[in-house]
Number of protein chains: 2
Amino acid sequence: MSKDSYSSQDKMHLATDCIIFGFDNGILKLLIFKRSIAPYKGAFSLIGSFVKINESIDSAAERVLEEITGLKNVYMEELKTYNSVHRDPGARCVSVGQYALIKINDYDKDLVEKHNAMWYPFNELPDLVLDHNQMVKDALARLRRKTRYQPIGFELLPTKFTLPQLQSLYEAIFQKKIDSRNFRKKVLSFGVLIKLNEKDRSSSKKGAFLYKFDHEKYEELVTKGINFEVRSFINNYEPII
Amino acid sequence: MSKDSYSSQDKMHLATDCIIFGFDNGILKLLIFKRSIAPYKGAFSLIGSFVKINESIDSAAERVLEEITGLKNVYMEELKTYNSVHRDPGARCVSVGQYALIKINDYDKDLVEKHNAMWYPFNELPDLVLDHNQMVKDALARLRRKTRYQPIGFELLPTKFTLPQLQSLYEAIFQKKIDSRNFRKKVLSFGVLIKLNEKDRSSSKKGAFLYKFDHEKYEELVTKGINFEVRSFINNYEPII
DNA sequence: ATAATTAACGTAAATATTACGCTTATAAAT
DNA sequence: ATTTATAAGCGTAATATTTACGTTAATTAT
């Protein structure tokens with residue numbers, strides 16, 4: 001949800017709301033915005049839109065996402081529907097949550113600012129309208145689950161990234177410290193990382209080698225039925241409160 | 001989808017379709033029905049309904065499920081939305097797939113027959129209307145994924161079941177032979193099965209002990225963060241074609 | 001009795017995970 | 001120049017889990 005105004009009481013509305021994740025220097029963030037128009041003027045909300053009669057739900061989500069961040073071709077996936085009859089007091093409105101993973105340096109800062117949107121650390125989110133806080137929780141749960149068996153996290157990192165960066169992303173997602181030696185061993189063993197002849201020195205004197213994700217190799221292994229399950233993520237991570 | 005007739009071209013319809021799994025003596029089956037009214041009269045279809053303005057999507061699914069099988073309190077979960085603009089040539093209709101797992105001996109046979117519904121082995125499904133075959137594929141993929149880490153399969157077995165039965169269920173879901181000694185060891189190790197002092201002799205002279213699922217213990221372990229991941233299911237099972 | 005069949009139990013070998021210790025490269029401080 | 005501090009990178013032994021497969025048990029039919 002997060003739209004303009006309603007009219008008829010007897011019409012079924014279909015909307016989509018985007019749970020937009022970003023990863024900023026060790027911190028998992030969410031893009032939300034402060035509504036400048038009624039209803040819920042001044043309140044925080046996810047970014048969403050009604051679905052038009054001649055567009056698919058993902059098109060609608062892509063449309064708002066581009067409108068607000070300037071980004072196209074973003075990783076996005078359906079989360080679930082939010083459909084309780086009275087979730088939106090203004091009208092019967094079913095909303096399809098979609099979670100998106102974006103590379104946080106790529107978005108259009110002017111656009112975001114213009115729309116009153118801003119990045120909030122996941123742990124410091126304000127109250128959001130309607131059931132949007134629930135959507136956010138569900139999205140993190142899904143992100144965690146998906147991350148267990150699919151190297152989806154790469155969507156949140158720049159194209160070139162270091163192993164320590166990758167590790168800190170997983171630590172942010174699971175809210176859990178990981179042993180760096182075992183982490184390195186495990187992720188390299190999948191064989192989908194290409195080591196570059198370049199270092200990133202922004203966080204240490206020694207500098208860490210940059211890697212990129214080998215999409216081709218990944219697809220090849222997926223069709224072979226290889227699993228990317230990471231056992232150490234599975235156990236003992238912090239619950240989502 | 002799977003409804004009566006449409007009127008306006010400019011209205012967004014919301015429907016739900018149920019992918020109903022059953023497990024019958026080693027074979028995974030699906031409950032579908034032969035439409036006796038237009039549109040698609042005579043064609044096979046999933047069981048579905050429009051969602052009414054004053055009911056949630058799950059209520060709608062529960063409503064049709066009860067209408068056709070007589071069953072209440074069935075395990076059911078949202079799969080995903082099917083929302084491409086032209087998926088239904090009759091109108092703009094978004095359908096939410098819901099998959100349900102039922103104990104195949106419990107349903108009301110007269111009701112099912114009356115509605116032209118019937119159980120088909122998963123591997124021998126006929127062509128279904130619209131995108132229903134895709135829904136079925138997606139549902140199996142989801143069932144497999146979910147089964148990996150949650151003992152969801154019990155929903156498909158009678159309350160009392162034997163270990164060989166449980167194994168054959170997993171073999172049907174993953175289309176893969178499992179070593180019975182290792183299977184037994186693994187599932188018992190979770191500690192959520194209660195051995196009964198009763199045997200089922202329907203499939204062997206020796207007879208196999210009956211077990212029941214310990215829901216309480218299961219919930220307790222889940223809150224403790226125990227995982228029910230079964231590694232041997234993860235690898236090398238048959239792809240869904 | 002014996003054979004045939006499914007169920008149940010056990011154990012060794014192969015793999016994978018976990019818990020650490022140690023070295024390396026470099027910039028900043030002395 | 002040398003030392004120091006720090007993150008990065010590599011390796012290995014201990015532990016746990018999975019896999020492969022041999023054996024025994026209960027029962028009915030012959």
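Above this note sits the structure.
The rules behind these values
- Residues numbered from 1 in each chain as written.
- Chains lettered and ligands numbered in written order.
- Predicted model: local features only at pLDDT ≥ 70, side-chain atom pairs only at ≥ 80, totals over all residues.
- Heavy atoms only, no water.
- Helix = DSSP H or I, 4+ residues; strand = E, 2+ residues; numbered from the N terminus.
- Rg over C-alpha atoms; globule rule 2.2 N^0.38 Å.
- Buried < 20%, exposed > 50% of the residue type's maximum accessible area, 1.4 Å probe, protein only.
- Contact = heavy atoms within 4.5 Å.
- Areas by Shrake-Rupley, 256 points an atom, 1.4 Å probe, with all protein chains shown as cover.
- Near = heavy atom within 4 Å.
- Polar contact = N/O pair within 3.5 Å; in protein donor to acceptor, adjacent residues only side chain to side chain.
- Nonpolar A, V, L, I, M, F, W, Y, C, P; charged D, E, K, R; others polar.
- Least-squares fit on C-alpha atoms with pLDDT ≥ 70 in both.

1. Digging into the overall build of chain A
So, step 1. Along chain A, the regular secondary structure elements total 7 helices and 10 strands.
So, step 2. Here the C-alpha radius of gyration of chain A, 19 Å, is about what a compact globule of 241 residues would show, namely 18 Å.
So, step 3. If you line up chain A on its principal axes, its C-alpha atoms span 60 × 40 × 35 Å.
So, step 4. Sorting the 241 residues of chain A into buried and exposed places 52% on the buried side.
So, step 5. The contacts of chain A with a sequence gap of at least 6 include a subset with a gap of at least 24, amounting to 69%.
So, step 6. About 11700 Å² of surface is accessible on chain A, with carbon and sulfur atoms providing 48% of the total.

2. Some thoughts on the protein's contact with DNA strand D
So, step 1. Residues in close proximity to DNA strand D total 22 residues, the closest being Arg181(A), Arg184(A), Lys206(A), Arg181(B) and Lys186(B).
So, step 2. Protein-adjacent atoms of DNA strand D, using a 4 Å cutoff, are sugar or phosphate at a proportion of 53%.
So, step 3. At a separation of 2.8 Å, a phosphate oxygen of DNA strand D approaches a polar backbone atom of Phe209(A).
So, step 4. In this structure, Lys185(B) approaches DNA strand D through a side-chain N or O atom, which is 3.1 Å from a base nitrogen.
So, step 5. Secondary-structure elements contributing two or more residues to the surface near DNA strand D are α5 (180-189) and β10 (208-213) of chain A together with α5 (180-189) and α7 (231-234) of chain B.
So, step 6. Looking at the surface near DNA strand D, the element that brings in the most residues is α5(B), giving 4 residues.
So, step 7. Of the residues contributing to the surface near DNA strand D, the split by class is 3 nonpolar, 5 polar and 14 charged.

3. Concerning the relation of the copies chain B and chain A
So, step 1. Placing chain B over chain A gives an RMSD of 0.1 Å and needs a rotation angle of 180 degrees, together with 0.0 Å of translation along the axis. Each copy turns onto its partner about a two-fold axis. Considering only C-alpha atoms, the residue of chain B closest to the rotation axis is Lys80(B), which sits at 3.3 Å.
So, step 2. Here 100% of the interface residues in chain B have copies in chain A that are interface residues too; the copies meet face to matching face.

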